Amino acid sequence: MSRLSVVLPAYNEELMVAKTCRVLREVLTEAGISYELVLVNDGSRDNTWEEIVKAGKKDPNILGVHFSRNFGKESAVFAGLAQATGDVVAVMDCDLQHPPETLVEMYHLWEQGYEVIEGVKKSRGKEGFLHKKSAGFFYGIMSKATKVDMQNASDFKMMDRKAVDSILSMPERNMFFRATSSWVGYHTTYVKFEVQEREAGESKWSTWSLVKYAFTNIVAFTTLPLQFVTVGGAICFLCSLVLIVYSLIQYFTGHAVAGYTTLLIVLLLIGSAIMMSLGIIGYYIAKIYEETKRRPRYIVSKIIRGSEDAYDKANHDGR
Ligand code: UDP
Ligand code: MG
């Protein structure tokens, strides 16, 4: 009989771990699905790990992975995928914002032969104007890069073993999971779900971390910003052609003295354009530098399966 692994990245989720495990166990048992819960403690500063250990004592289907520090959600998802042993693997948040009933629906789609089942948000929930606009911009770029509409994409998905192995075999350190799952292709379908309210604890995303997240992922996935530089250069060139013609006319009609302001403005504009372009290029070089170091994606310091220590048998840094 086939087995479902559910990967749950958890960062400071002490209030949610026990409840999430219980709800998932109930829902999956009722649906008659044999399962395994892979909880990845992403260097939490609260008692998340103790909660995972406690949950493991109650349920042998729980696999707990403990990071040596916080490596970020993307790495936690990756570690979960690497440890999961099921024939089909789902990834969902540990705060029950992704409805467990949808998991069952996804499983049935997998049984019908779909290999990647993407969770798509029905609506994006409550968000400020600025947040909405910048998220729109970010997903616009990502959609162009992946040629898939990412506007309502989420990290809630289910993948066949084949797709999981494809993702795990990719060598890059900086990986945008949401887009990678569609990049690998396979027989894909979509399931709509309503994002639930978080019951306890708080969202881990500050505005700044979202901006950083957007930049990292755009750079990890597409070289489109480098083309901005080229387009910007072309626009500057056209403007300067116009200005050259203009100043030549001024020269030949004998009005050449004025124009200091124009000169200054042009100088400043071009200067800032060059600096921004260098910034974008520099950012890519920085990422290339990081990738060439081939540091591990994460470091695991403890692993439990149910109530047993499973550290020895496992891969500890996802290389
Ligand atoms: N998370 C993580 N590492 C981090 C930040 C978040 O593993 O550095 C996990 C978190 O525990 C949760 C999921 O990622 O299971 C989504 O985080 P959160 O609920 O804070 O994000 P939101 O739902 O507000 O987008
Ligand atoms: Mg959440």
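Residues numbered from 1 in each chain as written. Chains lettered and ligands numbered in written order. Predicted model: local features only at pLDDT ≥ 70, side-chain atom pairs only at ≥ 80, totals over all residues. Heavy atoms only, no water.

Undergrad: Would you explain the packing of aromatic side chains in this entry?
TA: Inspection of the entire model under this criterion finds 4 aromatic pairs. Relative to Tyr 298, the ring of Phe 67 has its centre 5.0 Å away and its plane inclined at 10°; by these criteria the two rings are stacked. Remark: Tyr 298 occurs in the loop between helix 10 (260-293) and strand 8 (300-305) and Phe 67 occurs in strand 3 (residues 62-67); sequence separation between them is 231 residues. The same class applies to Phe 67 as to Tyr 298, namely buried. Between Tyr 107 and Trp 110, the ring centres sit 5.5 Å apart and the planes meet at 45°, which makes this aromatic pair tilted. (Phe/Tyr/Trp six-rings, centres within 6.5 Å; stacked < 30°, edge-to-face > 60°. Helix = DSSP H or I, 4+ residues; strand = E, 2+ residues; numbered from the N terminus. Buried < 20%, exposed > 50% of the residue type's maximum accessible area, 1.4 Å probe, protein only.)

Undergrad: Help me out: how do you make sense of the sheet that holds strand 2 (residues 34-41) in this one?
TA: Remark on secondary structure: sheet strands pair via backbone hydrogen bonds, oriented parallel or antiparallel. Taken together, the 9 strands give an open sheet; going across it, the order is 7-5-6-4-1-2-3-8-9, and neighbouring strands pair in mixed fashion. Each edge of the open sheet is held by one strand with a lone partner, namely strand 7 (188-193) and strand 9 (308-309). Note: strand 1 (residues 3-10) against strand 4 (residues 88-91), 4 bridges, orientation parallel. The residue bridging Ser 5 from the neighbouring strand is Val 89, located in strand 4. Those strands touched by helix 2 (residues 48-58) are strand 1, strand 2, strand 3 and strand 8, and its axis lies near 160° from that of strand 3. Contacts between helix 3 (residues 73-83) and the sheet are confined to strand 1, strand 2, strand 3, strand 4, strand 6 (153-160) and strand 8, with strand 1 contributing the most and set at about 155° to the helix. (Pairing = 2+ DSSP bridges. Contact = heavy atoms within 4.5 Å. Axes fitted to C-alpha atoms, helices over the stretch in contact; angles between N-to-C directions.)

Undergrad: Is there a simple way to think about unusual backbone geometry in this case?
TA: With a phi angle near 50°, Asn 12 is a residue other than glycine that sits in the positive phi range. Counting through the fold element by element, Asn 12 comes out in the loop between strand 1 and helix 1 (17-30). By relative accessible area, which is 24% here, Asn 12 ends up partly exposed.

Undergrad: When you look at the nonpolar core in this model, what are you seeing that I'm missing?
TA: Nonpolar side chains in soluble globular proteins tend to be buried together. Ranked by size, the top nonpolar core spans 36 residues in total, and within it Leu 4, Val 6, Leu 8, Leu 37, Leu 39, Leu 103 and Met 158 carry the most contacts. At the level of secondary structure, the elements contributing two or more residues to this core comprise strand 1, helix 1, strand 2, helix 2, strand 4, helix 4 (100-111), strand 6 and strand 7. Those residues in contact with Leu 39 that lie beyond four places of it in its chain are Leu 8, Val 17, Cys 21, Ile 52, Ile 62, Leu 63, Gly 64, Val 65 and Cys 94. The next biggest cluster of nonpolar side chains, apart from the first, holds 28 residues, and it includes Val 7, Phe 78, Ala 79 and Ala 163. (Core = buried A, V, L, I, M, F, W, Y, C linked by side-chain atoms within 4.5 Å.)

Undergrad: How should I be thinking about the packing of helix 1 against helix 2 in this particular structure?
TA: To describe two helices that pack against each other, one gives the angle between their axes and the distance between the axes. Interaxial distance between helix 1 and helix 2 falls to 9 Å at its minimum, and their mutual angle equals 35°. Contacts between helix 1 and helix 2 involve Val 17, Ala 18 and Cys 21 from the first element and Thr 48, Glu 51, Ile 52 and Ala 55 from the second.

Limitation: the analysis is restricted to geometry and does not speak to function.
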